[in-house]
Amino acid sequence: MERFFDRIGMLGLSMMGVGVVATRFVFVVDGGERVVIFNKFKGLGEKVYGEGMHFKIPILMEPRSFEVRSRPRLISSTTGTKDMQMVDLTLRILFRPMEARIPEILNNIGPDYDDKVLPSIGNEVLKSIVA
């Protein structure tokens, strides 16, 4: 009987070891996210992975996660009107990236694209509407 429990213990340990090694070969993409694979030899890949479980090579490939849900952003601006009065405005923008353009956004702008692009566009739109 003792041999039986020893074998079950060894089987459990070996299955746990295989599971730990196998989890290095997969990555999971959650809902509302997309992933682009960064290959250490080729660079950022063009394929955008959707929700689910996907395979990767552990040392060679690194998944880069990107949120594609609609998110709000507030942009405040002080603008002058036609009769030269100053107006304080706050613009609320709902934005999300185009999924097909995620590799291009990561290559050219970076993962914090909303901090770089939205304030300038928001101020420009606010000033053009008020003026």
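For the structure itself, look to the data block above.
Since we're looking at a predicted model, the values are computed, not measured. (Residues numbered from 1 in each chain as written. Predicted model: local features only at pLDDT ≥ 70, side-chain atom pairs only at ≥ 80, totals over all residues. Heavy atoms only, no water.)

(A) Local environment of the overall build of the protein chain. A count of helices and strands for the protein chain gives 3 helices and 7 strands. Secondary structure elements of the protein chain, listed N to C terminal, follow the sequence α-β-β-β-β-β-β-β-α-α. In terms of overall size, the protein chain is more extended than a compact globule, its C-alpha atoms giving a radius of gyration of 25 Å where 131 residues would be expected to give roughly 14 Å. When the backbone C-alpha atoms are referred to their principal axes, the protein chain occupies close to 95 × 35 × 15 Å. Across the 131 residues in the protein chain, those meeting the buried criterion constitute 24%. Within the protein chain, contacts between residues at least 6 apart in sequence are counted, and of these 57% link residues at least 24 apart. When the accessible surface of the protein chain is totalled, it reaches about 9,700 Å², and 60% of it is carbon and sulfur. Each charge class in the protein chain was averaged separately, 18 positive and 16 negative side chains, and the resulting centres sit 5 Å apart. (Helix = DSSP H or I, 4+ residues; strand = E, 2+ residues; numbered from the N terminus. Rg over C-alpha atoms; globule rule 2.2 N^0.38 Å. Buried < 20%, exposed > 50% of the residue type's maximum accessible area, 1.4 Å probe, protein only. Contact = heavy atoms within 4.5 Å. Areas by Shrake-Rupley, 256 points an atom, 1.4 Å probe, with all protein chains shown as cover. Lys, Arg positive; Asp, Glu negative; His and termini not counted. Charge placed at Lys NZ, Arg CZ, Asp CG, Glu CD.)

(B) Representation of the pattern of salt bridges in the model. Inspection of every chain in the model, using the stated rule, returns 7 salt bridges. A salt bridge links R34 to E99; the shortest N-O distance between them is 3.1 Å. Residue R34 is found in strand 2 (residues 33-39), and its partner E99 is found in the loop between strand 7 (86-95) and helix 2 (102-108); the two are separated by 65 residues along the sequence. One salt bridge in this structure joins E62 and R64, with 3.5 Å as the shortest N-O distance. For R64, a relative accessible area of 35% translates into the label partly exposed. Overlapping salt bridges bring together R34, E51 and E99 as one network. (Salt bridge = Lys/Arg side-chain N within 4 Å of Asp/Glu carboxyl O.)

(C) Representation of a nonpolar patch on the surface in the model. A surface patch of nonpolar side chains, about 480 Å² in accessible area, is lined by M1, F4, F5 and I8. The topology assignment puts I8 in helix 1 (residues 2-22). Note on I8: relative accessible area 42%, which makes it partly exposed. (Patch = residues over 30% accessible without salt bridge, like charges linked within 9 Å, V, L, I, M, F, W, Y side chains within 5 Å.)

(D) Representation of the sheet that holds strand 3 (residues 43-49) within the structure. Spatial ordering of the open sheet is given by 3-2-5, a layout of 3 strands whose pairing is antiparallel. Each of the sheet's edge strands pairs with one partner strand only, and the pair in question is strand 3 and strand 5 (61-67). Taken pair by pair, the neighbouring strands of this sheet meet at an average axis angle of 30 degrees, ignoring direction. In the sheet, strand 2 pairs with strand 3 via 4 bridges, with the strands oriented antiparallel. When the sheet's bridge partners are listed, V35 is paired in strand 3 with Y49. (Pairing = 2+ DSSP bridges. Axes fitted to C-alpha atoms, helices over the stretch in contact; angles between N-to-C directions.)

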